[in-house]
2 protein chains.
Amino acid sequence: MHAAGDVRVEDRPEPTIVEPTDAVIRLAATCICGSDLWPYRGVVPVHGQAMGHEYVGIVEEVGADVRTLSVGDFVVGSFMLSDNTCEICASGFQARCAHPQAGGIGGMQAQRARVPLADGTLVATPGPPDPDLVPALLAASDVLGTGWFAAVAAQAGPGRTVAVVGDGAVGLMSVLAARELGAERIIAMSRHPERQALARHYGATDVVEERGDAGVARVKELTNGLGAHGVVEAVGTQEAFLQAIGMTRPGGHLGYVGVAHEVQIPGIRLFHAEIHMLGGPAPVRRFLPDLIRLIWDRKIDPGKVFDLTLPLEQAADGYRAMHERRATKVLLTV
Amino acid sequence: MHAAGDVRVEDRPEPTIVEPTDAVIRLAATCICGSDLWPYRGVVPVHGQAMGHEYVGIVEEVGADVRTLSVGDFVVGSFMLSDNTCEICASGFQARCAHPQAGGIGGMQAQRARVPLADGTLVATPGPPDPDLVPALLAASDVLGTGWFAAVAAQAGPGRTVAVVGDGAVGLMSVLAARELGAERIIAMSRHPERQALARHYGATDVVEERGDAGVARVKELTNGLGAHGVVEAVGTQEAFLQAIGMTRPGGHLGYVGVAHEVQIPGIRLFHAEIHMLGGPAPVRRFLPDLIRLIWDRKIDPGKVFDLTLPLEQAADGYRAMHERRATKVLLTV
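Residues numbered from 1 in each chain as written. Chains lettered and ligands numbered in written order. Predicted model: local features only at pLDDT ≥ 70, side-chain atom pairs only at ≥ 80, totals over all residues.

1. Thoughts on the overall build of chain A
Along its length, chain A carries twelve helices and 16 strands. Counting over 334 residues, chain A shows a buried share of 56%. The long-range share in chain A, meaning contacts at least 24 apart out of those at least 6 apart in sequence, stands at 70%. (Helix = DSSP H or I, 4+ residues; strand = E, 2+ residues; numbered from the N terminus. Buried ≥ 20, exposed ≤ 12 C-beta atoms within 10 Å, placed from the backbone. Contact = placed C-beta atoms within 7 Å.)

Here it is as structure tokens:
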């Protein structure tokens, strides 16, 4: 991305092993993230950046210290690099790994890529996947892992009512996750007929079209005036964040995964809400082994969030389609 | 309090039983809360308000539906009314009880008072307390219960490092609570020699005088660069809140109980902090039975937070002493 709105597919230097903990992978598929629209729309600055942080592919080369992966393995990786051994990783927060090389990965909208901290970032599938599983495995790399984290942070589980703010790919994946985690009732906030249908497919029991204070009022109506036990915020705007706070019952749990660039939370509102909150970049690596197993066993089908598939060369068209909301999420074939 | 800075002790109508769930108590002691200084300093408006929400006393009268209390019982009450039976109370969040009569109590800087929802708000002690236990029991009504809630929200426990922002009465009580809950290391943020000494008495293992970014840096130095497992925010200012966020390690727990009137939390900062948060008005009722037992058995001595005792008639002097930071917390004898 050379500038806001300016996406080009160009030749770049071939990736190589730099550190002994690196791997080089050949991408099988990649995709465009809702968060890629922040720079595309000029909300965050961009000055010539290799885009992409969601990826599945085949290991082509490993550094001397890589122990859990072999050349030829099909792997799914987290969008955040982690050693998966430090104290923070051990506590389940791999997206904030304390290793000096940790941080966000980039440049995955590509044919090949270097993955630092390969053992702690990548997880191999049980074997080469059936081609129809590739989109689902790709979803695990971020959008499913992020939706899952949000649902876990919202403490979705048996007997719980979970409400999801945001009908984008992450919101839809939170609906799926809440269902898998056993939530009794799942309220999807959406006014988009196709996304409503997909939300219901993934397990939503109720759809609420109202937003803001009206959305809060409607969710309270549906929950004996108390609010939902758990709420997922998967948008990242001021209105969505305050709505999510308002929809959470006292003592309930809010999981927020929308990148909150523009949000300012009034402390006194949070104080009186008296809710548990947890969010941020998802520690996808924590969930990857389980998510891969669920996909492999065909228990979940997150691949349906991709509603447009384009070859990598047409990435610019993919960005445009998501920006104009003609597509929820674009898969790029490599 | 007639206006900011204008506290007067006046005759008011005698309290009576209004609802069958009420009790009328004769106060044994009451006190002035740090939060009473918000209106005193003009930060929140006040137009003639009966002050006080911390209280211990003897039941003088009970309504027809009161079941757990009898005339003559010595009771400690929460500063928030609760039925202790609704779904929110059952989940441990009595400060946000869903009962229509629930909410904050007031007018406890008095000789006698009506307590609605008596069964769900008051807890009787095992018998008449020794006089030297009265300050400790009074502390349980808010300042100890609030500090305890903050330490629980910060998940103080064995093997954990807990840092406490705020050396007022609530902060000191959080230090006590963190120690009782088994925290391995307790860092008190204070530059006030007497409060530092009291923090050490209550269990602080380290005292940090730096504030703001320097305070964050110092706590990180003390915690292998990671930040504390748990942090208590017991001030309620912007600087203190952001400092508390910065001191919490990724995946750690922040318990905030400072009334955050003036705080605005940048969403993106919270997003990247990736911490658990819980706070608000403490559900003191949840903790009262345990706290009374610990006090009764002389296992904890929270009464030391009162460093000035005045008769109720001199309440205005007490407010002035706390406002000018000549006293941490003022006990008013009745």
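Having seen the model, we can carry on.
2. Quick look at the domain arrangement of chain A
All names here are of chain A. Domain assignment breaks chain A into domain 1 (23-142 + 283-333) and domain 2 (146-279). Distance between the C-alpha centres of domain 1 and domain 2: 25 Å. With 17 residues of domain 1 at the interface, the matching set in domain 2 holds 14 residues. By residue number, the principal contributor to the side of domain 1 that touches domain 2 is helix 11 (residues 284-296), which donates three residues. Of the residues belonging to the side of domain 1 that touches domain 2, the class tally is eleven nonpolar, three polar and three charged. (Domains from an automatic or database assignment. Nonpolar A, V, L, I, M, F, W, Y, C, P; charged D, E, K, R; others polar.)

3. Looking at the interface of chain A and chain B
Taken together, the contact between chain A and chain B spans 33 residues of the former and 33 residues of the latter. Looking at the side of chain A that touches chain B, the elements that each hand over two or more residues are helix 2 (87-90), strand 12 (248-256), strand 13 (264-266), helix 10 (267-273) and strand 14 (276-279) of chain A. If you tally residues by element for the side of chain A that touches chain B, the top one is helix 10 of chain A, at six residues. Counted by class, the side of chain A that touches chain B contains 19 nonpolar, ten polar and four charged residues.

4. What to know about the pairing of strand 16 (residues 330-333) of chain A
All names here are of chain A. Pairing analysis gives three bridges linking strand 1 (residues 23-31) to strand 16, with the strands arranged antiparallel. If you follow Ala 29 over to strand 16, its bridge partner there is Thr 333. The pairing of strand 15 (residues 308-311) with strand 16 spans four bridges and is classified as parallel. Each residue of the ladder has a partner; that of Thr 309, found in strand 16, is Leu 331. Where the polypeptide runs from strand 15 across helix 12 (residues 315-323) and back to strand 16, its parallel neighbour, the crossover connection is right-handed. (Pairing = 2+ DSSP bridges. Right-handed = clockwise from strand over helix to strand, strands pointing away.)

5. Quick word on the pairing of strand 1 of chain A
Looking along a regular strand, one sees the side chains alternate between the two faces of the sheet. Residues and elements named next belong to chain A. Of all the nine residues making up strand 1, eight are buried; the element is thus mostly covered by neighbouring parts of the structure. Here strand 1 runs beside strand 2 (residues 55-62); their pairing, made up of seven bridges, is antiparallel. Considered in strand 2, the bridge of Leu 27 is made with Gly 57. In terms of strand pairing, strand 1 meets strand 6 (residues 112-115) through four bridges, oriented antiparallel. The partner of Ala 23 across the bridge, within strand 6, is Val 115.

6. What about the environment of Ala 199 of chain A?
Residue and element names in this part refer to chain A. Tracing the backbone shows Ala 199 in helix 7 (residues 193-202). Judged by the 26 C-beta atoms lying within 10 Å of it, Ala 199 is buried. Put simply, Ala 199 and Asp 65 are 134 residues apart on the chain and 43 Å apart in space, counted from C-alpha to C-alpha.

7. Side note on the environment of Asp 83 of chain A
All names here are of chain A. On the secondary structure map, Asp 83 appears in the loop between strand 4 (80-81) and helix 2. On the neighbour-count criterion, Asp 83 (21 C-beta atoms within 10 Å) is buried. As for Asp 83 and Ala 98, which are separated by 15 residues in sequence, their C-alpha atoms are 8.3 Å apart.

8. So, the relation of the copies chain A and chain B
The transform that puts chain A on chain B rotates by 180° and translates by 0.0 Å along the axis, for an RMSD of 0.0 Å. Seen this way, the second copy is the image of the first under a two-fold rotation axis. (Least-squares fit on C-alpha atoms with pLDDT ≥ 70 in both.)

9. Details of unusual backbone geometry
All names here are of chain A. The phi dihedral of Leu 117 falls on the positive side, at around 45°, and the residue is not glycine. Within the secondary structure layout, Leu 117 lies in the loop between strand 6 and helix 3 (118-121). Phi is positive for Arg 298, close to 55°, though the residue is something other than glycine. Examined against the element boundaries, Arg 298 turns out to sit in the loop between helix 11 and strand 15. For Arg 298, a count of 11 C-beta atoms within 10 Å translates into the label exposed.

10. Some remarks on helix 6 (residues 169-180) of chain B
All names here are of chain B. With twelve residues, helix 6 should reach 16 Å at 1.5 Å per residue; the first-to-last C-alpha distance of 17 Å fits that figure. A large share of helix 6 lies buried, amounting to ten of its twelve residues. Against helix 5 (143-153), strand 8 (161-165), strand 9 (185-189), helix 7 (193-202) and strand 11 (228-233) lie the buried residues of helix 6. Positioned one or two residues after helix 6, Gly 182 has a phi angle of 100°, which is positive. (Expected span 1.5 Å × (residues − 1).)

11. Overview of the packing of helix 5 (residues 143-153) of chain A against helix 11 of chain A
Residue and element names in this part refer to chain A. Taken N-terminus to C-terminus, the directions of helix 5 and helix 11 make an angle of 105°; their axes are 9 Å apart at the nearest point. The orientation of helix 5 relative to helix 11 falls into the category roughly perpendicular. In contact with Leu 144, Gly 145, Thr 146, Trp 148 and Phe 149 of helix 5, helix 11 contributes Val 284, Phe 287, Leu 288 and Leu 291. The class makeup of the residues in the contact of helix 5 with helix 11 is seven nonpolar, two polar and no charged. (Axes fitted to C-alpha atoms, helices over the stretch in contact; angles between N-to-C directions. Parallel < 35°, antiparallel > 145°, perpendicular 65-115°, else oblique.)

12. With respect to helix 9 (residues 238-247) of chain A
In terms of burial, helix 9 of chain A is a largely internal element, seven of the ten residues being buried. Looking at helix 9 of chain A, one finds that the buried residues are Ala 240, Phe 241, Leu 242, Gln 243, Ala 244, Ile 245 and Met 247 of chain A.

13. Here we look at the packing of helix 6 of chain B against helix 7 of chain B
Residue and element names in this part refer to chain B. It is at 8 Å that the axes of helix 6 and helix 7 come closest, and there the two elements cross at 20°. What the angle tells us is that helix 6 and helix 7 run roughly parallel. Read as a crossing pair, helix 6 and helix 7 show a hand that is right-handed. Residues Leu 172, Val 175, Leu 176 and Arg 179 of helix 6 pack against Arg 195, Leu 198, Ala 199 and Tyr 202 of helix 7. (Left-handed = near helix turned anticlockwise from the far one by under 90°.)

14. Re the environment of Glu 19 of chain A
Residues and elements named next belong to chain A. Topologically, Glu 19 is positioned in the segment before strand 1. The partly exposed category is assigned to Glu 19, around which 14 C-beta atoms lie within 10 Å. Remark: the alpha-carbon pair of Glu 19 and Pro 116, spanning 97 residues in sequence, is separated by 7.3 Å. Leave out the neighbours within four places in its chain, and Glu 19 touches Gly 63 and Pro 116.

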